[in-house]
Amino acid sequence: MATDIKDTAHAVDAAAVMRLLPARPRVLALGEPTHGEDTLLELRNELFRQLVEQEGYRTITIESDCMMGRAVDDYVTSGTGTLDDVMEHGFSHGWGAFAANRELVRWMRAHNDGRPESERVRFAGFDGPLEITAAASPRQALTALHGYLADQVDADLLPCTAETLDRLLGADDRWTEPAAMRDPSRSVGQSADAGRLRLLADDLVALLDAQTPQLITESPREDRDRALLYGRTAIGLLRYHYWMASTSPARLTRLVGLRAQMMAHNLLALAERGPVLAHAHNAHLQREKSTIRMDGMPLEWWSAGALVNTRLGAEYAFVATVLGTIRHQGVDTPPPDTLEGLLCALPEDRYVIDAGRLATALGDALPAPRVSPWFGYAPLDPAHLADSDGLVFVKDVPWVQ
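Please read all numbers here as calculations on a predicted model, not as lab measurements.

Here is what the cut-offs are and how they apply
Residues numbered from 1 in each chain as written. Predicted model: local features only at pLDDT ≥ 70, side-chain atom pairs only at ≥ 80, totals over all residues. Heavy atoms only, no water. Helix = DSSP H or I, 4+ residues; strand = E, 2+ residues; numbered from the N terminus. Rg over C-alpha atoms; globule rule 2.2 N^0.38 Å. Buried < 20%, exposed > 50% of the residue type's maximum accessible area, 1.4 Å probe, protein only. Axes fitted to C-alpha atoms, helices over the stretch in contact; angles between N-to-C directions. Parallel < 35°, antiparallel > 145°, perpendicular 65-115°, else oblique. Left-handed = near helix turned anticlockwise from the far one by under 90°. Contact = heavy atoms within 4.5 Å. Nonpolar A, V, L, I, M, F, W, Y, C, P; charged D, E, K, R; others polar. Core = buried A, V, L, I, M, F, W, Y, C linked by side-chain atoms within 4.5 Å. Arc of directions from axis to C-beta. Pairing = 2+ DSSP bridges. Phe/Tyr/Trp six-rings, centres within 6.5 Å; stacked < 30°, edge-to-face > 60°. Lys NZ or Arg CZ within 6 Å of the ring centre and 35° of its normal.

Caption draft 1: Region of the structure containing the overall build of the protein. Broken down by element type, the protein carries 16 helices and 12 strands. Against the globule reference of 21 Å for 401 residues, the protein gives a C-alpha radius of gyration of 22 Å, in line with a compact fold. Judged by the C-alpha coordinates and their principal axes, the protein covers about 70 × 55 × 40 Å. For the protein, the proportion of its 401 residues judged to be buried stands at 52%.

Caption draft 2: Region of interest: the packing of helix α4 (residues 69-78) against helix α11 (residues 221-244). For the pair α4 and α11, the least separation of the axes is 13 Å and the interaxial angle reads 165 degrees. Considered as vectors, α4 and α11 are oriented roughly antiparallel to each other. Like other packed secondary-structure pairs, α4 and α11 cross with a definite hand, here right-handed. Residues Arg-70, Asp-73 and Asp-74 of α4 pack against Glu-222, Arg-226, Leu-229 and Tyr-230 of α11. Along the lines of polarity and charge, the residues of the contact of α4 with α11 split into two nonpolar, no polar and five charged.

Caption draft 3: A look at unusual backbone geometry. Here His-93, not a glycine, exhibits a phi torsion of approximately 60 degrees, which is positive. Relative to the helices and strands, His-93 is located in the loop between α5 (83-89) and α6 (99-112).

Caption draft 4: Molecular detail of the packing of α4 against α6. Axis separation between α4 and α6 bottoms out at 7 Å; the angle between their running directions is 40 degrees. Contacts from Val-72, Tyr-75, Val-76, Thr-77 and Ser-78 of α4 reach α6 at Val-105, Met-108, Arg-109 and Asn-112. Of the residues assigned to the contact of α4 with α6, the class counts are five nonpolar, three polar and one charged.

Caption draft 5: Inspection of the nonpolar core at higher detail. Leu-28, Phe-48, Ile-60, Phe-91, Val-105, Met-108 and Phe-123 are the most contacted members of the largest nonpolar core, which totals 45 residues. For this core, the element with the most residues is helix α3 (residues 38-55), which contributes seven residues. Residues within four places of Phe-123 in sequence aside, it is in contact with Ile-60, Ile-62, Gly-69, Val-72, Asp-73, Val-76, Phe-91, Met-108 and Arg-273. With 34 residues, the next largest nonpolar core counts Met-263, Ala-280, Tyr-316 and Ala-320 among its residues.

Caption draft 6: Layout of helix α8 (residues 162-169). If you check which residues of α8 are buried, you get Thr-164, Leu-165, Leu-168 and Leu-169. The arc that holds every buried residue of α8, seen down its axis, measures 130 degrees, which confines them to one face. Residues of α8 that are exposed and point more than 90 degrees away from the buried face comprise Glu-163 and Arg-167. Just downstream of α8, Gly-170 is the residue with a positive phi angle, here 65 degrees.

Caption draft 7: Representation of the pairing of strand β7 (residues 276-281). For β7, a buried count of six out of six residues is recorded, marking the element as mostly surrounded by other parts of the structure. Summarising the sheet, strand β2 (residues 27-32) and β7 pair through six bridges and their orientation is parallel. Pairing of Val-27 across the sheet is with Val-276, part of β7. In the sheet, strand β3 (residues 59-65) pairs with β7 via four bridges, with the strands oriented parallel. Within β7, the position partnered with Thr-61 by the bridge is Ala-278.

Caption draft 8: Representation of the sheet that holds strand β12 (residues 390-396). Ordered by their spatial adjacency, eight strands build an open sheet running β1-β11-β12-β10-β2-β7-β3-β4, and the pairing between neighbours is mixed. Since the sheet does not close on itself, it has two edges, and those belong to β1 (9-10) and β4 (122-127), each with one partner.

Caption draft 9: Broad picture of the packing of aromatic side chains. Under the criterion given, the structure shown has five aromatic pairs. Each ring, one from Phe-48 and one from Trp-107, has its centre 6.1 Å from the other, and the planes form 80 degrees; the classification is edge-to-face. Note that Phe-48 is positioned in helix α3 and Trp-107 in helix α6, a separation of 59 residues in sequence. Under the relative-accessibility criterion, Trp-107 is labelled buried at 13%. Between Phe-91 and Phe-123, the aromatic rings sit 5.4 Å apart at their centres with planes inclined by 65 degrees, giving edge-to-face as the arrangement. Of this pair, Phe-91 sits in the loop between α5 and α6 while Phe-123 is found in strand β4, placing the two residues 32 residues apart along the sequence. Neither residue differs from the other here; Phe-91 and Phe-123 are each classed as buried. The positively charged end of Arg-198 is found above the aromatic ring belonging to Tyr-242, 4.9 Å away from the centroid.

Next up, the structure:
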């Protein structure tokens, strides 16, 4: 069996990943089983550089706020702002503090300098302006969408004035109330004002769609794409806040599912402008259902990857990252009868693995599931090995100061 497994393993580079796939996918999803490790981010950076230079990829998107990511894209495409500013204000979830993310942005800006627009690389966040336990005010997205339409169409077509939006939105801190996740009564999401805002957001998005022929001729594509982003985000946030205020037993399941849906819609929109490398946790990009425990409750939902896969089919590819050790987090050498243990027996430290061939080599004798001693690392479920197009295996993730 060891020989068969070794035959499924190749040196890590973009060419090895692409050889696993029947054709260049519109969304190539690279997952990671833990967050916050520069080693994995550096590997992602190198794969993206190779995909740009060898395969014509022009966009990278990560698990970060889609609205904040616009500042990073403006910087890498046109030099707007400074590197320090965009690292501080262009990322959510603390991603701006990582050296490898800073190096990615620096490289993208240098790559684009002096190049024609068609050859420039682009950056995007594909997460909503939210975390599982909190969500932003819809103000920024709603007012930006209204402002775009107000500049493009007859004022009589608008469903409301900017002043009406401002009055209904009220203070932003009522939307971001930290206690709302555990106490639905503290959420504004099912108030009369929020209900009115949901209707107005729907009308604004419908107007944007109805005016498409005019907007195509009179408005730059970049502006239209951002208006569509504002519309998706406003509707998604208002829907999320509605369910934060719900007392339904399905409340948490709906919330994690809505976040996945927002991610999926952003990925599909990015794929319309060309092939994109998406990087996020394996759980967000896998084809099977994702699971988590919150407040002691097991939750299941269809991930963003599962949703995008249903739309793109073979034009969606998922490569999961699996790890041997993260010793600084207490994740030591895996048991030899686990998938990670089998891969650790290979001679080199990093591989691209043909997941389908590996599943065939293993046959019915699936490896034992690995149990992580640390909540921040999720081992790959061997039962879902064949649901991945490939694996990137990293034997050891060292501590990087």
